[in-house]
Structures are given as structure tokens and as C-alpha cells.
Amino acid sequence: MRRRGWLIAGQTLLGAALLVALVLIVDLRAVGETLGQARWGYVLLAAGLAIVSTLIRASRWRLVLRPVARVPGLDVWLISLASSLISFLIPLRTGELARALFLKQRNRIPISAALPTVAVDRSLDLLTVLVVGATGAASGLRVEGALRTPLLLGAALFVGFAAFVLLAILSQDRMMAIADRLLPRTLGSSIRDRILGVLRGLMIGFTTLGRQPRALFPLIALSFAATLIDSAVIYVLFLSLGSVVPPLIVLTGYALFAITFLVPSAPGYVGSMEAFGSLIFGALGAGATSAASMVVIFHALNAVLLGLGGGLAIWALGLRPQAAFQSVMVAEPPLPSPAPEPQPAAK
């Protein structure tokens, strides 16, 4: 618990530093004037699209969960909303653990069985984001500054991720043996076992899908639909400010923007969201003032939607907010079971 407290404090300082850097670079008066001209009808449209995106992702996770247990769609959606709020307020990858914990409390599914499904679900998001980013890198999109390097790195990461998924499906034991040899012994047995356990859980999830190839198509289709809708949210928010940004810039910018959420951030992503979003969309040609203004609205919209949706979800799930947050902060994820893939629950 103390270690996580120090991590949050460090991430808060980082967010504050990024926010100060943004204030020094961006013309706040121009941003304020741009925000004052925002058309709120477009903002409401963006909010509606964001809600649709949560429904699509909940449907995808429900499909991933199907080999483990049959979970009602409403439960999956509520758990996703509640865990998203926790991840937003405590960005220590707590959202993944929260999903497994809430699923256990609500549907009595063991955490060791739920965590691999969460890992696969998150990996599908990463896969689609990398595909979109690699497409932007290969399209000849003109990028100002040194942003082309992250685009090319994203393309390389996509190739590596695709190779990992393929090897996980075809040769799980060999991959685990290689990982065991590559992990330094100096990490200690506890950390090594935890890393290897998470890796095995991820492989179990992909192996389960690999044995049911027909199940991959709806999952990938839902993933791309959610990514396109998230990009549409940003496009509509630019429209609300009177800026018409080419769709290719929005798609590529969203892909890069989404990857930055892997960077440790302050609670509520204060500072990091504004700094990274302004840098990325500004460098892609959306304009520094328009990019900074869009990110401010995007951040505020996310805070409102996650606060209302996540809070109502925690209440609907029968959880007390304080207990929900404490359970996630105190709990340590168990090692995913090395046993064969979970069997479907009896109907």
C-alpha cells in the first residue's frame, strides 16, 4: 500500500511538471477564446458516441469471457464502467485488477480465471491502435518535428505484437521457456513468478481464442468499431471548436494519443493528457491552439462521463465507493492459473 502511495505521489509530480510545461508553451488566452466559441451540440454528440464505445467494448469483453462463464451483458457493462472510473482516478493499471475483482464479487468468477480475459481484451485494444498507427506511418502523412519516430516505432511494435500472438497460439510452452531464460534471476523469484504468471495468463487467453478462430472475427470487428468511434469523438470535438481536421490526422493522432496512456500519469491524467494530446495533434497539423482546446474539452468530457457512469455503476453493482477503491489498492493480482484453459460454465 505504501509503495503504491509513493507511486501516485511521483506520478502526480510528473503530471504537474507536464502541466507547467504546457502552460509555458501554449497561449492560454487563445485557448480560452477558442473554448468560448465551442458549440455544445457537438459536445453532446461526442458524449453519445463515447457511451456507444463503452457498450461496444463491453460486448467484446463478454465474448472473451464466454469460454470462462456466461455473464449477463448488463453486468459486464457496469463492471467495465466502474473499473474505468477507478483506472481514471488511480492510474496504476488498477482498472484491469478492478475488473477481475468486481467480476468475482458480482459473479463469483475466480480472479485467476478472469485476469487472462482482461489481458486479452486490453490486448485487442492495443492491436487495433497499433494497426491504425502503422497505417498512418505508411500513408506518407506529413508530421512536424520528431513525431515520425514514434509512428515508425508503433509500426514495429505492431509487427512484434502480431508475432507474439501467433507464437502464443502455436507454441505456448516454448514461448514460456524462452521467457523464463530471458528474465534476469536478479529480479528475485517473486517478481519473476509474477511476470511469468501474467505472461502465461495472456497466452492462455490467446490460445483459447486460437482454438476457436471464428471467434476472432467478431472480436476484431468490435475492436476496430470502438477505435473508429473513439476517433470520431475527437473529430466531433474539433468540429465543436470550428476546426475541420482531416480524418487521417484524427485517426493517427488518436492512435498515438491512446498509446501515451501507458505512460505513468497523475490521478485523473491531469497534465499528461493535455501535454501529450496537444503535442501529438499539434505536430500532426491540427494547430497548437485547436489541439490544446480540443484536449481540454476531451478531458472534461471524460471526467464527467466516467464520474457519472462509473459512480452509478458502482452503486448498481451494490458496492460502496470507499470499499471498492480500497479493495483495488490493497489487493495483489494472483498468478494466473497455469492449468489448461478454463472450461465453459454449465448452462
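The coordinates are above.
Draft legend 1. Molecular detail of the packing of aromatic side chains. All told, the structure shown has six aromatic pairs when counted by the stated rule. Ring centres of Phe88 and Tyr269 lie 6.0 Å apart, and the angle between their planes is 40°; this geometry places the pair in the tilted category. One end of the pair, Phe88, is in helix 4 (residues 73–89); the other, Tyr269, is in the loop between helix 11 (247–259) and helix 12 (272–286), with 181 residues separating them in the sequence. Here Phe88 and Tyr269 have matching classes, each one buried. Taken together, the aromatic side chains of Phe88, Phe238, Phe257, Phe261, Tyr269, Phe281 and Phe298 make up a single cluster linked through ring pairs. Arg99 extends its terminal NZ or CZ atom over the ring of Trp61, reaching a point 4.6 Å from the ring centre.

Draft legend 2. Molecular detail of the pattern of salt bridges. Within this structure, the stated rule accounts for eight salt bridges. In this structure, Arg60 engages Asp121 in a salt bridge whose closest nitrogen and oxygen atoms are separated by 2.8 Å. Remark: Asp121 occurs in helix 6 (residues 111–138) and Arg60 occurs in helix 3 (residues 40–65); sequence separation between them is 61 residues. Among the residues examined, Arg60 registers a relative accessible area of 1% and is labelled buried. Residue Asp121 is classed as buried on the basis of its relative accessible area, which comes to 3%. With a closest N to O distance of 3.4 Å, Arg122 and Glu96 form a salt bridge. With Arg122 in helix 6 and Glu96 in helix 5 (residues 94–107), this residue pair connects regions lying 26 residues apart in the sequence.

Draft legend 3. Seen up close, the packing of helix 4 against helix 13 (residues 288–316). Running from amino to carboxyl end, helix 4 crosses helix 13 at an angle of 125°, the nearest separation of the two axes being 8 Å. Comparing the axis directions of helix 4 and helix 13 gives the class oblique. In this structure, the crossing between helix 4 and helix 13 has a hand that is left-handed. Across from Leu78, Leu81, Ala82, Ser84, Leu85 and Phe88 in helix 4, the residues of helix 13 making contact are His299, Ala303, Leu306, Gly307, Gly309, Gly310, Gly311, Ala313, Ile314 and Ala316. Along the lines of polarity and charge, the residues of the contact of helix 4 with helix 13 split into ten nonpolar, six polar and no charged.

Draft legend 4. Focus on the environment of Ile56. Residue placement: Ile56 occurs in helix 3. Ignoring anything within four residues of it in the chain, the contact list for Ile56 reads Leu222, Ala225, Ala226 and Ile229.

Draft legend 5. Layout of the environment of Ala226. Considering the arrangement of structural elements, one finds Ala226 in helix 10 (residues 213–240). With relative accessibility at 0%, the residue Ala226 sits in the buried group. As for Ala226 and Asp125, which are separated by 101 residues in sequence, their C-alpha atoms are 8.6 Å apart. In this view, Ala226 contacts Ser53, Ile56 and Arg57; residues no more than four positions away in its chain are not counted.

Draft legend 6. Seen up close, the side chain of Glu274. Structurally, the position occupied by Glu274 is in helix 12. Assessed through its relative accessible area of 11%, Glu274 is described here as buried. A polar contact is formed between the side chain of Glu274 and the side chain of His299, at a distance of 2.4 Å.

Cut-offs and rules
- Residues numbered from 1 in each chain as written.
- Predicted model: local features only at pLDDT ≥ 70, side-chain atom pairs only at ≥ 80, totals over all residues.
- Heavy atoms only, no water.
- Phe/Tyr/Trp six-rings, centres within 6.5 Å; stacked < 30°, edge-to-face > 60°.
- Helix = DSSP H or I, 4+ residues; strand = E, 2+ residues; numbered from the N terminus.
- Buried < 20%, exposed > 50% of the residue type's maximum accessible area, 1.4 Å probe, protein only.
- Lys NZ or Arg CZ within 6 Å of the ring centre and 35° of its normal.
- Salt bridge = Lys/Arg side-chain N within 4 Å of Asp/Glu carboxyl O.
- Axes fitted to C-alpha atoms, helices over the stretch in contact; angles between N-to-C directions.
- Parallel < 35°, antiparallel > 145°, perpendicular 65-115°, else oblique.
- Left-handed = near helix turned anticlockwise from the far one by under 90°.
- Contact = heavy atoms within 4.5 Å.
- Nonpolar A, V, L, I, M, F, W, Y, C, P; charged D, E, K, R; others polar.
- Polar contact = N/O pair within 3.5 Å; in protein donor to acceptor, adjacent residues only side chain to side chain.

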